[in-house]
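Residues per chain, in single letters:
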Amino acid sequence: MSEEKSLNFLEEIVETDLNAGKYSSIITRFPPEPNGYLHIGHSKSICLNFGLAAKYGGSTNLRFDDTNPVTEDTEYVESIKEDIQWLGFQWSNEFYASDYFDQLYAFALQLINKGLAYVDDSTSEEIAALKGTPTEPGKDSVNRSRTIEENLQLFQEMKEGKYKDGEKVLRAKIDMAHTNMLMRDPIIYRIKHAHHHRTGDKWCIYPMYDFAHGQSDSIENITHSICTLEFIPHRELYDWFISQLNIFPSHQYEFARLNMTYTVMSKRKLLQLVNEGFVNGWDDPRMPTISGFRRKGFTPASIRNFCERIGVAKRENLIDLSLLEFCLREDLNLTAKRAMAVLDPVKLIIDNYEDGKTEYLKSENGPDDTLGHREIPFGKELWIEREDFMEEPAKKWFRLAPGAMVRMKSAYIVKCTSFEKDEKGEITAIHCTYFPESKSGQDTSGIAVKGTMHWVSVPHAVKAEVRLYDRLFRVENPASEEGDFKDYINPESLVVIHNAYVEPSLVSATLQDRYQFIRKGYFCLDKDATSNHLIFNRTVTLKDTWSKEMKA
RNA sequence: UGGGUUAUGGUGUAACGGUAGCACUACAGAUUUUGAUUCUGUCUGUCUAGGUUCGAAUCCUGGUAACCCAACCA
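Source: prediction; values computed, not measured.

Looking at the protein's contact with RNA strand B
Neighbouring residues of RNA strand B: 62 residues in total, closest E12, R338, R399, S440 and Q516. Considering RNA strand B, the proportion of its atoms within 4 Å of the protein that are sugar or phosphate atoms stands at 63%. Residue Q516 places a side-chain N or O atom 2.5 Å away from a base nitrogen belonging to RNA strand B. Going through the elements one at a time, β6 (187-191), α11 (300-310), α12 (321-335) and α13 (545-551) are the ones with two or more residues in the surface near RNA strand B. At four residues, the largest contribution of residues to the surface near RNA strand B is made by α12. Each residue belonging to the surface near RNA strand B can be placed in one class, and the counts come to 20 nonpolar, 20 polar and 22 charged.

So, the side chain of E254
Residue placement: E254 occurs in strand β9 (residues 251-255). According to the relative accessible area criterion, E254 is buried, its value standing at 1%. Reaching out from E254, the side chain makes a polar contact with the side chain of R235 at a distance of 2.7 Å. A distance of 3.0 Å separates a polar atom in the side chain of E254 from a polar atom in the side chain of Q252.

Remarks on the pairing of strand β18 (residues 427-434)
Burial within β18 is extensive, with six of its eight residues counted as buried. Looking at chain direction, strand β12 (residues 345-350) and β18 are connected through four bridges and run parallel. The residue of β18 that forms the bridge with I350 is C432. Bridge count for strand β17 (residues 413-421) against β18 is seven bridges, and the pairing is antiparallel. Each residue of the ladder has a partner; that of K421, found in β18, is I427. In textbook terms, the turn of a hairpin is the stretch between consecutive antiparallel strands, and for β17 and β18 this stretch comprises five residues, one of which, G425, has a positive phi near 90°.

What about the domain arrangement of chain A?
Looking at chain A, the domain boundaries give domain 1 (9-255), domain 2 (267-337 + 464-551) and domain 3 (342-454). Averaged C-alpha coordinates put domain 1 and domain 3 at centres separated by 65 Å.

Some points on the nonpolar core
Core analysis: the biggest nonpolar cluster contains 36 residues, and I40, I46, I84, M260, I303 and F306 have the highest contact counts within it. Listing elements by their share of this core, those giving two or more residues are α2 (40-55), β2 (59-64), α3 (74-87), α10 (290-296), α11 and α12. A domain-level breakdown of this core finds at least three residues from each of domain 1 (9-255) and domain 2 (267-337 + 464-551). Among residues more than four places away in sequence, those in contact with I84 are F30, L38, I46, F50, L62, F89 and W91. Counting 34 residues, the second largest nonpolar core, distinct from the first, contains A108, L154, Y206 and F241.

Comments concerning the environment of N68
Mapped onto the secondary structure, N68 falls in the loop between β2 and α3. Look at N68 and you get buried, because its relative accessible area is 17%. Distance in space between the C-alpha atoms of N68 and P459 is 60 Å, their sequence separation being 391 residues. Not counting residues within four places of it along the chain, the set of residues in contact with N68 comprises E33, R190 and K192.

Quick notes on the environment of I447
Along the chain, I447 turns up in the loop between β18 and β19 (452-453). Along the primary structure I447 and E549 are separated by 102 residues, whereas in three dimensions their C-alpha atoms are 27 Å apart. Beyond its immediate chain neighbours, meaning those up to four positions away, I447 contacts M405, I413 and F435.

Observations regarding the sheet that holds β17
In space, the seven strands of this open sheet follow the order β19-β16-β17-β18-β12-β15-β20, with mixed pairing throughout. One side of each edge strand has no neighbouring strand; the edge strands of this open sheet are β19 and β20 (456-457).

Some thoughts on the state of the cysteines
Inspection of the entire model under this criterion finds zero disulfides. Summary of cysteine pairing: C307 is not part of a disulfide, and the nearest cysteine sulfur, belonging to C47, is at 3.8 Å. Take C307: its relative accessible area is 8%, and that puts it in the buried class.

Describing the packing of α11 against α12
Here α11 crosses α12 at 135°, and the two axes come no closer than 9 Å. By the angle between their directions, the pair α11 and α12 is classed as oblique. Considering only the axes of α11 and α12, their crossing is right-handed. Side by side, α11 and α12 meet where A301, S302, N305, F306, R309 and I310 of the first sit next to L323, L324, F326, C327, L328, E330 and D331 of the second.

Re the packing of aromatic side chains
This structure, assessed with the given rule, holds 27 aromatic pairs. Taken together, a centroid distance of 6.0 Å and an interplanar angle of 80° make the contact between F101 and W203 edge-to-face. Within this pair, whereas F101 is found in helix α4 (residues 101-113), its partner W203 is found in the loop between β6 and β7 (205-207), the two being separated by 102 residues in sequence. This pair shows no difference in class: F101 is buried, exactly as W203 is. One aromatic cluster is present, built from ring pairs that chain together F101, Y105, F155, Y189, W203, Y206, F211, W240 and F241. Here the guanidinium or amino end of K159 rests over the ring plane of Y105, the centre of that ring lying 4.5 Å away. The ring of Y96 is capped by R198, whose NZ or CZ atom sits 3.5 Å from the centre of that ring.

Scoring rules and cut-offs
- Residues numbered from 1 in each chain as written.
- Chains lettered and ligands numbered in written order.
- Predicted model: local features only at pLDDT ≥ 70, side-chain atom pairs only at ≥ 80, totals over all residues.
- Heavy atoms only, no water.
- Near = heavy atom within 4 Å.
- Polar contact = N/O pair within 3.5 Å; in protein donor to acceptor, adjacent residues only side chain to side chain.
- Helix = DSSP H or I, 4+ residues; strand = E, 2+ residues; numbered from the N terminus.
- Nonpolar A, V, L, I, M, F, W, Y, C, P; charged D, E, K, R; others polar.
- Buried < 20%, exposed > 50% of the residue type's maximum accessible area, 1.4 Å probe, protein only.
- Pairing = 2+ DSSP bridges.
- Domains from an automatic or database assignment.
- Core = buried A, V, L, I, M, F, W, Y, C linked by side-chain atoms within 4.5 Å.
- Contact = heavy atoms within 4.5 Å.
- Disulfide = S-S within 2.5 Å.
- Axes fitted to C-alpha atoms, helices over the stretch in contact; angles between N-to-C directions.
- Parallel < 35°, antiparallel > 145°, perpendicular 65-115°, else oblique.
- Left-handed = near helix turned anticlockwise from the far one by under 90°.
- Phe/Tyr/Trp six-rings, centres within 6.5 Å; stacked < 30°, edge-to-face > 60°.
- Lys NZ or Arg CZ within 6 Å of the ring centre and 35° of its normal.

Written out as structure tokens, the structure is:
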């Protein structure tokens, strides 16, 4: 009984090609422009490109699409490489479109010699004016009929730096009346007297995306060049260059990009969030960047699994954030170490427990035995969560209330006897008695309680800062709302708690550790933490059916 | 008054002319020393109107809706 998992449309294309003997093996590529940080949408593309090659025994190149020197920088190159590796992928080759500038220049010469490219002196406004509109054809530029010799001469001069930015461009000679706007004599080279992060000042003319991408794919023998839907109109041009140049026929296939609820994905919008101070940098844990998710405590496996589950197709989509959170919790539940931390402390005093006594109690580190156990100190005074006590309990309340009994996790059952309030009506202490025979693991008390609570021993507690992150936006699709998307930012996307108490074992937490603070969620150490100032980020909350019930 | 792409439960994604399935979400129940986890169950779907066919989500025709295309960005 072999249950065939159905293939996605890209896998079908690859299998068809392989079965037909079109290729002996496949090569894909991930082609970011090094002008920004990678986000969760890129991870879909990364998983697709690397995943496809891995599944069919092929290879994947990392190629930086660095054809626009004014927006690109090595800082981005480094962060992109780090993010891909963190996700768990390794490229076969690290290439740059700029590696091919000489070859691309030679391709341009070939086109000119074939009478298929010309130098245009028109301004960008003039070019736009003659371009026509989607419903009206364009008109030929007066420079369209220049001779091959003249074009060769002029293009040479462009390369030599004889002209200023914008003075001249090289255009492909195709069809100014084409229904595809991109085929109306697209610009293929422009003049930019700018320093390139890799080629320095060698060039002052740079190829446009359309003249670089397909040919770069071809140079690398990329068999399947996959990209997002908005490039569909470019495919015709992509194929035209490959055909005219008679080079290796790479093929472009398009899929729908990832969109996710409660966030934005466009580079422009993310840049605004950073530049206008709505978040603290590209790796702010509220950002949908890979570095943001990393800092927030996400695991690479959870993101890969998410990309696997969302599938791939050609229709627009808006993926529910809860699926990502599900994948995260699924992973963290099995791997995160359990610990106890009290975020909003109030003191619990066990009146019949011996003064000054400390007992070390055994507590499990994980959902099963694989993560082992640890010993945690217990005593007369404990910090507990303020929200775990109700003076007048709600119905179906299984936590602490006057006269109520609960189990302190891994310790004893206690019964609330009284509580103290200050003049403002705030609870300042809760008094209990404990049942010595109810000790965890050796309970002979016969008492059954519904609630179990986490706690931290007062004299052993370690103070910590805890950063509670929530979704960045209040609405599912901020990009589609009226007005400025920034008006929909969730004002409580970050709540900082300065005086939380955590169990002493947490002083040795490292940046790699993942914790479940029992009953509170998953947390990790933040990179801002120091040895005497612990800072934990909330990665994600636990599922919480109780608070839902309370609201209802 | 152009061209291109896409329409399947709330959200994603399968079914390739032959029983509309899976996951997430939501809801209900069981178990639980985390109101977590785990387990069980429930709700909800083929854009629309015709046509072809024994049989249509799938093929055909006409509508409708959404998205993309007029950067010397990628």
